[in-house]
Amino acid sequence: MSSREPTHTEIVLPDLGRKLSDVYSYLGGIPARELSCALRSGDGLSVAYQPQINVRDGLVSAVEALARWHHPRVGPVPPRVFIPIAEDTGLILQITDFVLRDACALANRHCNLTVAVNLSPMLFTLPMLIERCVEIVQQCGTKPTQIEFEITERLPLAGNGFASDSIAALRALGFRIALDDYGVGYSGPRRLSRIDLDKLKIDQSFVRNLDCIGVAMVPEKLREMVELGHAMGLIVTAEGVETEEQCRFLTAVGCDALQGYFFARPMPSDELEGFLMVQDWAPIPLSSEGSSSRARI
Ligand code: C2E
Ligand code: CA
Ligand code: CA
């Protein structure tokens, strides 16, 4: 497990929603301009990577790129604080560029690795989103098939033809698409079938309470989500996996890949290089009767 990833436990945030004034005052008045300066200079911004483990062979099947911001005065600022600021000020576009470039550099060093990059819902209101992604990936000389865009289920896809069209266009260009935070929204089979997807990422809230129950008691909704994903030919990944018990249950219900602190916290790319070479979290009891065998990881 990485020792370098700050846990942010020292910053206990109330549910601030998107009230910027509250966020600013909580952080001792960090104005958006400081995030903008950090973006211009690159100072304090970085990308951490968290592995996703294929349950069949125990190897890293993908990594998720997560933005990090170390403020000179405040220290590490959690993404759940600075990402909403970036979204409200438009700086999320530059952050996404920054993360995507870093992700491409990593993908170039590992030609079989899929690198996932989060796309904020507000980016789908920008007409140049696709051109921008393509331009960066081309400049970096990266194969689009190695880049997976994570879009949150909170994105109002049903009433937003533009977002669905953009997702389809990205996928047609070879990028992979994952639906993040799956289960917290309302994506039933009909809604899901309207989005061009490769992967479902089951939200952490479904994983959290799995320890204190028996396998037979795994919530029906969790089973249904995995079955639906597989029926649609999608890879199903669960995130927020912190214990061996959770690994067992999630494998038993058929998840294809797992992501969480049990395997590794998000880590800088140099540390990830070592992790990819050693993959020293093994052995864990991942194989289980009843897990379905998927072909597309
Ligand atoms: P997310 O996309 O759902 O990312 C997963 C979050 O869960 C990450 O938090 C990760 O560190 C955390 N996590 C992973 N495994 C575990 C675990 O076992 N237990 C627990 N409790 N947490 C775990 P992080 O890095 O703080 O990011 C929070 C959110 O900020 C992300 O949630 C994503 O919505 C957003 N975010 C981060 N980086 C970016 C970015 O580059 N672009 C955009 N648009 N959003 C980003
Ligand atoms: Ca994500
Ligand atoms: Ca998520």
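Refer to the structure above for everything that follows.
This one's a predicted model, so the numbers in the text were calculated from it and none came from an experiment.

Before we go on, may I ask you to explain the coordination of the calcium ion (ligand 2) in this structure?
Ideal values for angles at a metal depend on the geometry: 109.5 degrees with four tetrahedral donors, 90 or 180 degrees with six octahedral donors. For the calcium ion (ligand 2), the full set of protein donor atoms is Glu-64 (OE), Asn-118 (OD1), Glu-150 (OE) and Asp-180 (OD), and the range of their distances to it is 2.2 to 2.3 Å. Sequence spacing among the residues donating to the calcium ion (ligand 2) works out to E-x53-N-x31-E-x29-D. A separation of 4.1 Å is found between the calcium ion (ligand 2) and the calcium ion (ligand 3), which share Asp-180 as a coordinating residue. Note that Glu-150 is positioned in strand β5 (residues 147-152) and Asp-180 in strand β6 (residues 176-182), a separation of 30 residues in sequence. Here Glu-150 matches Asp-180 in class, with each residue buried.

Looking at this structure, I do not really get the pattern of salt bridges. What am I missing?
For side chains of opposite charge, pairing can occur when their charged atoms come near one another. Throughout the structure, instances matching the rule amount to 11 salt bridges. A salt bridge links Glu-244 to Arg-248, with the nearest nitrogen and oxygen atoms 3.2 Å apart. Pair noted here: Glu-244 and Arg-248 are both in helix α9 (residues 244-252), with a separation of 4 residues, about one helical turn. Among the ionic contacts, a cluster of salt bridges with common partners joins Glu-64, Glu-150, Lys-201 and Glu-239.

Can you help me understand the coordination of the calcium ion (ligand 3) in this one?
For the calcium ion (ligand 3), the full set of protein donor atoms is Asp-180 (OD), Asp-181 (OD) and Glu-239 (OE), and the range of their distances to it is 1.9 to 2.4 Å. Read in sequence order, the donor residues for the calcium ion (ligand 3) give the motif D-D-x57-E. The exposure class of Asp-181 is buried, given its relative accessible area of 13%.

The rules behind each value
- Position numbers for residues count from 1 along each chain, tracking the sequence in the order it is written.
- Here the convention is simple: chains get letters from A, ligands get numbers from 1, in the order in which they are written.
- Reporting in this predicted model follows two pLDDT cut-offs: at least 70 for local features of residues, and 80 or more for side-chain atom pairs to be given and counted; totals over whole chains, interfaces and linings ignore these cut-offs and use all residues.
- Side-chain numbers come from the whole structure's heavy atoms, not from hydrogens or water.
- In this analysis a donor is any N, O or S atom within 2.8 Å of a metal ion (3.2 Å for sodium, potassium and calcium), and since water is not included, sites may seem incomplete.
- Labels follow the DSSP assignment, with helices taken as runs of H or I lasting at least four residues and strands as runs of E lasting at least two, numbered in each case from the N terminus.
- Exposure categories follow from relative accessible area, calculated using a 1.4 Å probe and restricted to protein chains: below 20% of the type maximum is buried, above 50% is exposed, and the middle band is partly exposed.
- We define a salt bridge as a side-chain nitrogen of Lys or Arg found within 4 Å of a carboxyl oxygen belonging to Asp or Glu.

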